[in-house]
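Next come the chains, spelled out residue by residue.
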Amino acid sequence: MKYISLILFLSFLVQSSFSQSITITQNPDHSGNSTSTFPTKNSVITISNGSFQFSEEQLFDPASWAMSHQRSKLSFLLRREALVLNNFDDTGNSLLEKELEFFDPSDNTLKVYQFDDGRTVVRDNVANFTFFDAKGEVAYIVSNSSQSVDGERESQLSSDKAGRTVVLYNPVIAYGSDTGSRARVVFAEDYLETLFNSTEREIKSLKVSADGAFISMIVTTGSVDEVLIFDRFGNQIFSHTPDEQLRGVSLSENASHITTYYGNRMQVYEISTGERIGSASSQASIVLAEFLPDDDIIIGIGGSLGNNGILASPTVTAVHLTQRQIAREQIDLPLSVFNEGQLDIIRSAANTYTVAGLNREIEIRVRF
């Protein structure tokens, strides 16, 4: 009987070892992409040593550039005798070439933001945002200056994928020996709603949900982080102070759950109750983690992300919270991140996910 029991036990272990697995495939259209070539909606863009090549177009050393969330529009600020705004579709067709005569080309705080519908936003002079319509006409101008006499870091813009909800925030504002921050939703030129304002905590990160309905923030004193979630009208609906300093957070669809990640650790909380419903560890540092409620699965993308955007030793970790099972897999593909803020895990079918925002789109299939 002992021998039979041992055989049955070993058989169970073998079956269990094969019961959970991760299959990783790449979009075949992206198989030839190097770590400096990124897919657009209809083509690719190659970035190398200050050169930007897409279709037949090639531009050099822009002051700033941006690609829209759906990767269909590209925008460049070029330093000439005057500052020039150039907008293209991703096949290289010129959509707009406009001289910005009241902008200083030598301004080192210049930054451009691009939306899929053709709207463009240009930041200059630390905190001044000019909103252009698709025809390049000025829609309105917003100054996001805190007016602190002790100075502030450059203001940032965050939005949903369609650019419907736009948040301007001052990540660091100096108040004597202390530092604080502020975030405001822009509804119109003279209509801004303050989400957050502190003289003691800096904004470490701020993200708008894909549908524009919610805003998640990590604020910090430097030693203690706090997660805050608001609806787009400024109502706070969740707060949490973790034991560790966070790398990032992600909201599930409809903001039912929030995933926090730091180091190699991922944790999921139910927003309505504040209860932690699951946690897991990865064998690599987490770059992005998402909880997919429909499948009750956490997906974590891990690896070492360098300043050049290359993701070394990439891995996938999948955790089924109900079944309490975990699967891990190395990604044997050269990967790089186009823009960490646009890195995204999208559920395409049951237990099947697409990772966008890399030099090649990858599909993850999980079996438990």
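Relevant structure appears above.
Novice: Could you clarify how one ought to interpret the pairing of strand β11 (residues 120-124) in this entry?
Specialist: Here is the key point about a regular strand: its side chains alternate between the two faces of the sheet. β11 sits mainly inside the fold: 5 of its 5 residues count as buried. Residues Thr120, Val122 and Asp124 of β11 are buried on one face, and the alternating residues Val121 and Arg123, pointing to the opposite face, are buried as well. Pairing between strand β10 (residues 111-114) and β11: 4 bridges, direction antiparallel. Paired with Val112 across the strands is Val122, a residue of β11. Where β10 hands over to β11, the hairpin turn is made up of 5 residues, of which Gly118 adopts a positive phi near 100°.

Novice: I'm lost on the nonpolar core in this one. Help?
Specialist: The tendency in soluble globular proteins is for nonpolar side chains to be buried as a group. In this structure, Met266, Ile299, Ile301, Val355, Ile364 and Val366 are the most contacted members of the largest nonpolar core, which totals 32 residues. Excluding residues within four positions of it along the chain, Val366 makes contact with Ser21, Ile22, Ile297, Ile299, Ala318, Asn351 and Tyr353. Counting 14 residues, the second largest nonpolar core, distinct from the first, contains Tyr169, Ala183, Leu195 and Ile215.

Novice: Explanation requested: the environment of Ala63 in the structure shown.
Specialist: Structurally, the position occupied by Ala63 is in the loop between β5 (57-60) and β6 (64-67). Distance from Ala63 to Val112, taken between C-alpha atoms, is 8.9 Å for residues 49 residues apart in sequence. Residues in contact with Ala63, not counting those within four places in the same chain, are Leu77, Arg79 and Leu110.

Each value, and the rule that gives it
Within each chain, residues carry numbers counting from 1 in the order of the written sequence. In keeping with the model being predicted, local features are shown solely for residues with a pLDDT of at least 70 and side-chain atom pairs are shown and tallied solely at 80 or more, while totals for entire chains, interfaces and linings include all residues. Excluded from the side-chain calculations are hydrogens and water; all other atoms, namely the structure's heavy atoms, are used. Remark: exposure states derive from per-residue accessible area (1.4 Å probe, protein chains only) relative to the maximum for the residue type, with buried under 20%, exposed over 50%, and partly exposed in between. Put simply, DSSP H or I for four residues or longer makes a helix, DSSP E for two residues or longer makes a strand, and each gets a number counted from the N terminus. One requirement defines pairing of two strands: DSSP has to find at least two bridges between them. Grouping buried Ala, Val, Leu, Ile, Met, Phe, Trp, Tyr and Cys residues that are joined through side-chain atoms within 4.5 Å yields what is termed a nonpolar core. Whether two residues are in contact is decided by their heavy atoms: any pair within 4.5 Å suffices.

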